Amino acid sequence: MTPSPVPAPSARPAFPTLRGGLAALVLIALSACGEQELYAKLDERQANEMVAVLQLAGIPAEKAAREGGYTVSAPQSEFARAVQTLRAMGLPREDFDSLGKVFKREGFVSTPLEERSRLVHALSQELSRTVSSIDGVVLARVTLAMPEKHPLSDKVVPSSASVLIKHRPGLDVEALVPKIRALVVNSVEGLPYDSVTVVPFVAEAWLPAPPPPDAVPESLRAALWGAGLVGLGSLAAAGAVAWRRRPEGRAWPPLRLAGRKPEAPDVLP
């Protein structure tokens with residue numbers, strides 16, 4: 001009995017493996033160029049300030065409208081530098097409570113202690129917002145101490161205030177401190193000038209050194225690596241398909257160098 005011929009192996013099983021490899025390479029390339037979200041639920045003013053600061057620092061940041069506010073994102077390769085830059089600039093800025101928000105009536109009757117506490121908190125928030133708006137000041141905190149006069153004592157305890165400011169390097173702090181003291185004294189009734197303490201701190205450099213002009217950005221470098229991997233995967237897939245489809249029992253034709261004539265075959269005598 002003549003044995004039945006063994007069917008030649010099919011080349012189809014190789015295609016799913018090749019497609020899976022190409023898909024993995026594409027995913028790697030896309031993940032290398034992905035965006036990382038920095039902050040979310042921001043208002044438009046905060047998002048614009050953050051994007052402007054990051055772009056001035058050489059970081060390609062973008063904002064996008066989402067449910068509940070705006071988001072700010074940057075490339076994954078620039079995530080650490082973006083967070084450091086925003087932190088040095090005191091961004092996103094804190095939303096201070098206004099007098100109208102603090103004294104928004106929610107009940108019928110408020111005790112005198114509640115009213116006074118809300119007054120002190122509202123004044124501190126308003127002064128913190130005012131000092132933070134000064135050019136060169138990154139962060140400001142104003143704390144007021146306004147003791148209540150005892151009804152059975154004639155001794156008056158003076159109020160006091162402490163101001164913490166975080167400013168950019170190079171700011172003339174000696175000329176700024178007296179102005180901040182005068183601003184706080186004129187905003188709080190009965191506050192002596194000598195009872196206001198201003199403590200300044202120097203912030204970190206908010207603009208890191210940008211990369212050299214001839215250097216390739218990290219995002220572009222990652223994209224080029226991804227494109228190279230995809231190209232190598234395509235060449236490997238094409239070579240595998242050509243090898244599977246070669247004629248059975250025949251060898252590849254010999255390579256011939258350009259400009260060289262093929263040698264005559266040897267003739268037997």
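Residues numbered from 1 in each chain as written. Predicted model: local features only at pLDDT ≥ 70, side-chain atom pairs only at ≥ 80, totals over all residues. Heavy atoms only, no water.

(A) Molecular detail of the overall build of the protein chain. When you go through the protein chain residue by residue, the secondary structure sums to 7 helices and 6 strands. Scanning the protein chain from its N terminus toward the C terminus, one meets helices and strands in the order α-β-α-β-β-α-α-α-β-β-α-β-α. Looking at the protein chain as a whole, 25% of its 269 residues are labelled buried. At a minimum sequence separation of 6, the contacts of the protein chain that also span at least 24 residues come to 66%. Here the protein chain displays about 19100 Å² of accessible surface, and carbon together with sulfur accounts for 61% of that area. (Helix = DSSP H or I, 4+ residues; strand = E, 2+ residues; numbered from the N terminus. Buried < 20%, exposed > 50% of the residue type's maximum accessible area, 1.4 Å probe, protein only. Contact = heavy atoms within 4.5 Å. Areas by Shrake-Rupley, 256 points an atom, 1.4 Å probe, with all protein chains shown as cover.)

(B) Seen up close, the pairing of strand β5 (residues 160–167). With burial as the criterion, only one face of β5 is covered, namely that bearing Ala161, Val163, Ile165 and His167; the residues Ser160, Ser162, Leu164 and Lys166 on the opposite face remain uncovered. In this sheet, β5 lies alongside strand β4 (residues 137–145) in antiparallel orientation, the contact comprising 8 bridges. Across the sheet, the residue bridging to Arg141 is Leu164, located in β5. Pairing between β5 and strand β6 (residues 196–202): 7 bridges, direction parallel. Pairing of Ala161 across the sheet is with Val196, part of β6. In this region the chain leaves β5, passes through helix α6 (residues 173–187) and returns to the parallel neighbour β6; the handedness of that crossover is right-handed. (Pairing = 2+ DSSP bridges. Right-handed = clockwise from strand over helix to strand, strands pointing away.)

(C) The arrangement of the nonpolar core in detail. Ranked by internal contacts, the top residues of the largest apolar core, which has 22 residues, are Leu144, Val163, Ile165, Ile180, Val184, Val196 and Val198. When residues of this core are assigned to their parent elements, the largest contribution, 6 residues, is made by α6. If you look at the next biggest cluster of nonpolar residues, it comprises 15 residues, including Leu38, Val53, Ile59 and Ala74. (Core = buried A, V, L, I, M, F, W, Y, C linked by side-chain atoms within 4.5 Å.)

(D) Quick look at the side chain of Ser159. When you line up the elements, Ser159 lands in the loop between β4 and β5. Judged by its relative accessible area of 9%, Ser159 falls in the buried class. With residues up to four places along the chain from it excluded, the contact list for Ser159 reads Ala145, Met146, Pro147, Gly190, Leu191, Pro192 and Ser195.

(E) Summary view of the pattern of salt bridges. What the rule picks out here adds up to 5 salt bridges. Note that Arg45 and Glu49 form a salt bridge whose closest N and O atoms lie 3.5 Å from each other. Taken together, the residues Arg45 and Glu49, both in helix α2 (residues 44–56) and 4 residues apart, mark about one turn of the helix. On the accessibility criterion, Arg45 (42% relative accessible area) is partly exposed. Taking the relative accessible area as the measure of exposure, Glu49 reaches 27% and is therefore partly exposed. A salt bridge links Arg81 to Glu78; the shortest N-O distance between them is 2.9 Å. (Salt bridge = Lys/Arg side-chain N within 4 Å of Asp/Glu carboxyl O.)

(F) The sheet that holds β4, seen in detail. One open sheet accounts for 3 strands, arranged β4-β5-β6; its pairing is mixed. Both outer strands of the open sheet, β4 and β6, are each paired with one neighbouring strand and no more. For this sheet, the mean angle separating the axes of adjacent strands, direction not counted, is 15 degrees. (Axes fitted to C-alpha atoms, helices over the stretch in contact; angles between N-to-C directions.)

(G) Expanded view of the sheet that holds strand β1 (residues 35–42). The strand order across the open sheet built from 3 strands is β1-β3-β2, with neighbouring strands paired in antiparallel fashion. Edge strands, defined here as strands with exactly one partner in the open sheet, are β1 and β2 (62–66). Each neighbouring strand pair of the sheet contributes to a mean axis angle of 25 degrees, computed without reference to strand direction. As paired strands, β2 and strand β3 (residues 69–75) are joined by 5 bridges and run antiparallel to one another. Bridge pairing links Glu62 to Ser73 in β3. In the packing of helix α3 (residues 79–88) onto the sheet, contacts are made with β1 and β3, and the angle to β1 comes to roughly 35 degrees.

(H) Region of the structure containing the environment of Ser195. Along the chain, the position of Ser195 falls in the loop between α6 and β6. Note: C-alpha distance between Ser195 and Ser162 (33 residues apart in sequence) is 8.3 Å. Setting aside its immediate chain neighbours within four residues, Ser195 contacts Ser159, Ser160 and Ala161.

(I) Just the confidence of the model for the protein chain, in detail. Confidence in the prediction for the protein chain averages 76 pLDDT; 62% of positions are at 70 or higher. Confidence, read as mean pLDDT per element, is least for helix α1 (residues 14–32) in the protein chain (49) and greatest for β6 (95). Across residues 10–16 the pLDDT falls below 50, and counting only partners more than four positions away or on other chains, this stretch makes 4 contacts in the model. (pLDDT = per-residue confidence, 0-100.)

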